[in-house]
Amino acid sequence: MHLPADQLPIEARYKLLTGTVIPRPVAVVSTLSTEGVTNLAPFSYFNIVGHAPLALSFAVAGPKPDGTLKDTLRNAHLPAQGGTGEFVVNIATEHYAVQMARTATPLAVGRSCLVIGEIVYVHIDDALIDGRFRVDFEQLRALGRMAGSRYARTSDTFLLDDENFPPGTR
Ligand SMILES: Cc1cc2nc3c(=O)[nH]c(=O)nc-3n(C[C@H](O)[C@H](O)[C@H](O)COP(=O)(O)O)c2cc1C
């Protein structure tokens, strides 16, 4: 099937993208409004931007069904745009998968905003990390989002043999 992107309806674009770019990590983003109201929502259009500076990004797709900005985006906006300019990203894990899903409402896809944040503070459970900053993924049990309401575990992994990596690439 050959599908020119500009001829695809929004719903098809969403389904093709979220059905093929899998599994995606899920950021559970907490923000504060300028009035001090707390907000939590999951985002799987989420990834690393770089480590120097330490930065990550997530994309907020479309407005809420009533046409207003999603609360996360409104709160994360810079102060000049009415927000606090700050947000916290929590990694979604199996331990609280149900609660994570309940913080979301159906996704209406339209115009997207990419939010890039510089990380100024890292909080990680001591039990998950060793003295060389290696994270124990088996204990972390991070979730991956597939399409719709299907999720992947990160427990089924495999190693590539060392000889497959050119010198200096690992
Ligand atoms: C696992 C999961 C991942 C999601 N990923 C995104 C995303 O990347 N971008 C987005 O705009 N909405 C995403 N949503 C939908 C938002 O979480 C939902 O619109 C939420 O209500 C926004 O809340 P807010 O208005 O408090 O920011 C996702 C929902 C779930 C359950």
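A quick note: this is a predicted structure, and the numbers were derived from the prediction, not measured.

It is worth spelling out a nonpolar patch on the surface at this point. A cluster of nonpolar residues, Leu 54, Val 122, Ile 124 and Val 135, forms a patch on the protein surface that exposes about 300 Å² of accessible area. Within the secondary structure, Val 122 sits in the loop between strand S7 (112–118) and helix H4 (137–140).

Attention shifts here to the site of the ligand. Looking at the ligand, there are 19 residues lining it, with Asn 39, Pro 42, Tyr 45, Ala 61 and Thr 72 nearest. Side-chain polar atom of Asn 39 to an oxygen atom of the ligand: 2.8 Å apart, as the coordinates give it. Lys 70 is positioned such that a nitrogen or oxygen atom in its side chain is 2.9 Å from an oxygen atom of the ligand. Burial of the ligand by the protein chains amounts to 94% of its free accessible area of 650 Å². Counting residues per element, the ones that place at least two in the shell around the ligand are strand S3 (38–43), strand S5 (54–61) and helix H2 (71–76). Counting residues per element, the shell around the ligand draws most heavily on S3, which supplies four residues. Looking at the shell around the ligand residue by residue, the class counts come to 11 nonpolar, four polar and four charged.

Ile 22 connects to Pro 23 through a cis peptide bond whose omega is -20°. For Pro 23, the location among the structural elements is in the loop between helix H1 (10–20) and strand S1 (24–25). Phi angles above zero are rare outside glycine, and Phe 133 is one such case at about 65°. With respect to the element layout, Phe 133 can be found in the loop between S7 and H4.

On to the packing of aromatic side chains. Aromatic rings considered in pairs are described by the distance between their centres and by the relative angle of their planes. Inspection of every chain in the model, using the stated rule, returns two aromatic pairs. Seen in terms of ring centroids, Phe 43 and Phe 58 are 5.1 Å apart; in terms of plane orientation they differ by 45°. Their pairing is tilted. Residue Phe 43 is located in strand S3, and its partner Phe 58 is located in strand S5; the two are separated by 15 residues in the primary sequence. On the basis of relative accessibility, which here comes to 7%, the residue Phe 43 falls in the buried class. Using a relative accessible area of 0% as the deciding quantity, one classes Phe 58 as buried. Taken together, a centroid distance of 5.1 Å and an interplanar angle of 85° make the contact between Phe 58 and Phe 87 edge-to-face. Residue Phe 58 is located in strand S5, and its partner Phe 87 is located in the loop between H2 and strand S6 (88–91); the two are separated by 29 residues in the primary sequence. Ring-pair connections join several aromatic residues into one group, and the members of that group are Phe 43, Phe 58 and Phe 87.

Rules used in this analysis
- Residues numbered from 1 in each chain as written.
- Predicted model: local features only at pLDDT ≥ 70, side-chain atom pairs only at ≥ 80, totals over all residues.
- Heavy atoms only, no water.
- Patch = residues over 30% accessible without salt bridge, like charges linked within 9 Å, V, L, I, M, F, W, Y side chains within 5 Å.
- Areas by Shrake-Rupley, 256 points an atom, 1.4 Å probe, with all protein chains shown as cover.
- Salt bridge = Lys/Arg side-chain N within 4 Å of Asp/Glu carboxyl O.
- Helix = DSSP H or I, 4+ residues; strand = E, 2+ residues; numbered from the N terminus.
- Near = heavy atom within 4 Å.
- Polar contact = N/O pair within 3.5 Å; in protein donor to acceptor, adjacent residues only side chain to side chain.
- Nonpolar A, V, L, I, M, F, W, Y, C, P; charged D, E, K, R; others polar.
- Phe/Tyr/Trp six-rings, centres within 6.5 Å; stacked < 30°, edge-to-face > 60°.
- Buried < 20%, exposed > 50% of the residue type's maximum accessible area, 1.4 Å probe, protein only.

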